[in-house]
Structures are given as C-alpha cells and as structure tokens.
Amino acid sequence: EPTFHEFASEWLASREHTLRPKTVRLYRWQLVHHLLPFFAKHRLSEITVSEVDRYRTQKVRERERGVTRLSNGSINKTIGRLAQVLEVAVEYGHMAHNPAVGRRRRLKAEKPQSGWLVPEQVAPLLRAAGELDAAAKVRRADDVGGRRALLATLVLAGLRVGEALALRWRDVELASGKLKVGESKTAAGVRSVDLSPDLRDELATFKAGSPFAGPSDLVFSTKTGRPQNSHNVLNRVLRGAVELANVQLREDGVPPIPEKLKTHELRHSFASLLFEAGASVPYVMAQIGHADPKVTLSVYSHVLERKRDHGERLDALVRGAEWSPTVTSGDSERSTVEGSADRRSRKAASDAAFLQRPRQDSNLRPAA
C-alpha cells in the first residue's frame, strides 16, 4: 500500500502533460507546502475523516501563530486537492471511500467582495493610465507604453489578461471593428469581440505610435517586442492606474476603485457595462466567452440590483399599449372623445422613443 507521498507524486506526474503550467505550479505548491508536510508518511488507509479534520485544525492554528497566511477559502482548496487525489485512490481500490469530501470537511469561507468597476470609474481609470504612459516616456525614451490601451482592452472588450497579452495585430480588425481571440483557456473563449468605437480609436492611435505594428507583432509587448508578464500588468499597470485614478475620484465625490482590484475583475466590469447598455445575456456570454451562464447571470443580477429603476422601465414597455390608469367618469368621457387616431399617434411616438434607447516534478518533496 503506497504512502500518500508516493501516490500523490505519481498522481501529479500522470497529469502534468495535460495541465497548464500555471495549474501545475498551483497543484505542486498545495502538495509540497501544505498536504505533504502533514500526510506524507500516511498510508492511504490511514487517511481518515478524523485525520482530515485534524489537518484542517492544524492549518487554522498555523495561521493564528503566523506560520501561514492561508484564508479559510485557501485551506478549503487544499482539502479539495486532497479529495481529488484520494478519489483516484478509491478508484484504484486502495481506499473504500474518500474521507476528504463533504461540506463538513470545509471551513466557512467569506464570500469575496466584488471589485467590479461602475461606469463612472472607467474613464478616470483610463485617463490615469494615459498619464502614467506620458510620465514613463519622459523618464525612459525606450518605454513602449500602452498602459491605457491595454486597460481599455481589458475593460471594453472583456479579454482575460492572458488573452490580451497573446493578442497580435492580425487579430485586430480595426476596419470592421472586430477583435479575434484565438488563444483561450476554454473552447468558448475562442471568439470574435465587437469593438466599441472608443476602443477602436484607442487601438488605432496606439498602433500608429507603436514600434511593433506588424501583423505578427504582439499588440501589448515589452520594449523588445517580447511577451509581457501578467503579474507585471497587475502590479505595474493596473495598481498604479487605480491609485492615480482614486485621487481624482475622491475629489469628484465618486466612490474610489477598490485598491486590490484584479485584472480578471475587469472582465466582469465589461459584462456589467454591456448589461448597463441593455445587452442580452446570450450576447454578453458570446462576447466574454462564457460557456456556463452562472457567472454571467451573477453579473446581471449585480447590475439589476444597482439600477433599481425597474418600475420606470416596465412603464416604458407598456406605455404604448392602449390602456390607461383608473380615471373618473368625466375623464373617461374625454378619453373616449379623443378618438382612435390620436391614440395611435401617441403610441407610435412612445414606441419610437423606446426603440431609440441603448441596446445593448513528480518527485515531490514536502516543504520543511
């Protein structure tokens, strides 16, 4: 009977070639730094429900002593990884059941706070990114810039940061206003995105001043034309722009952008903006590359909660119909005398006004 150390090493080695490098690094980190220090010498049959609970308690105590900074959610994810490994052990007949499954094995995790942008925060963020571009050119003549164009693409086209950094100019059809995403982590992510007029102008201006504007050149590259690092985009581009934008937002009395806003939350901001503009759920899913409607609908419900003007919109939908509120008898007589021609005229005008609204290493070693 193998130990957990032996089995987990083989488990990861058999999957490395099918996983993305980033995922492999995550799995290895969870195993080496958290699961193996506790379970390495356990025979598989020795991993019981009580042992899993003891592991969970130990991780909480390590956090209290300052040994680790794992949140409840992150501890739950390591238990989820344990369950994933042990599920295969059950299939192989090493265990009768999986002791790491079930909600009782998990800690209560706080629901993460949304960091989505509201419409009035977008322009200040892009303006701040532009100011950072200008300042960088003054300090360094070899700075390629593109902070404003990159953030505009993330917010106004909903690309994942990896998709944006893999984007090449041949994928950007400025004439037709289309942007093609050919590299994505999901099949639904391979898509064509409609460019808004402002984003098309932004990319055209950036391309005109870029030293790397050939069809095969990366749209957002380093000063040598090589791919950028996503961590640099978060730490050197987004965080700096948020800090600068918040200075202006506070002066204007607008709620500041969350300081820990992540690049991925700009995708949700894009979906939110589309819903604000009146786009349908299927259209937003196609534009953002979502296969599962749950995430899209969560953004939709966020927008509905924020707007809270459903009554006025409901009235606008039915205003053109031939009905009226309860009236007195005198009013009723006057309404009858108005005649059908006048009612049709008012209905047509109301319909026209409504239609003009926006639509829119297998050799794992436990860490000491």
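Residues numbered from 1 in each chain as written. Predicted model: local features only at pLDDT ≥ 70, side-chain atom pairs only at ≥ 80, totals over all residues. Heavy atoms only, no water.

## Some remarks on the overall build of the protein chain
- A tally of regular secondary structure across the protein chain gives 15 helices and three strands.
- The buried share among the 368 residues of the protein chain stands at 39%.
- Total accessible area on the protein chain stands at roughly 21,300 Å², and carbon and sulfur atoms take up 52% of it. (Helix = DSSP H or I, 4+ residues; strand = E, 2+ residues; numbered from the N terminus. Buried < 20%, exposed > 50% of the residue type's maximum accessible area, 1.4 Å probe, protein only. Areas by Shrake-Rupley, 256 points an atom, 1.4 Å probe, with all protein chains shown as cover.)

## Considering the packing of aromatic side chains
- For the structure on display, the rule yields eight aromatic pairs.
- Plain terms: the ring middles of Trp-169 and Phe-206 are 6.2 Å apart, the flat faces sit at 40 degrees to each other, and that makes the pair tilted. Of this pair, Trp-169 sits in the loop between helix 7 (161-165) and strand 1 (172-173) while Phe-206 sits in helix 8 (residues 197-208), and the two are 37 residues apart along the sequence. Judged on exposure class, the residue Trp-169 and its partner Phe-206 are both buried.
- One aromatic cluster is present, formed by Phe-4, Phe-38, Phe-39 and Tyr-55 through successive ring pairs. (Phe/Tyr/Trp six-rings, centres within 6.5 Å; stacked < 30°, edge-to-face > 60°.)

## Overview of a nonpolar patch on the surface
- Together, Leu-297, Tyr-300 and Leu-304 line one region of the surface with nonpolar side chains, adding up to about 230 Å² of accessible area.
- One can find Leu-297 in helix 12 (residues 293-307). (Patch = residues over 30% accessible without salt bridge, like charges linked within 9 Å, V, L, I, M, F, W, Y side chains within 5 Å. Salt bridge = Lys/Arg side-chain N within 4 Å of Asp/Glu carboxyl O.)

## Comments concerning the side chain of Gln-30
- Take Gln-30: it is sitting in helix 2 (residues 21-39).
- Beyond its immediate sequence surroundings of up to four residues, Gln-30 is in contact with Leu-35, Lys-77, Thr-78 and Arg-81. (Contact = heavy atoms within 4.5 Å.)

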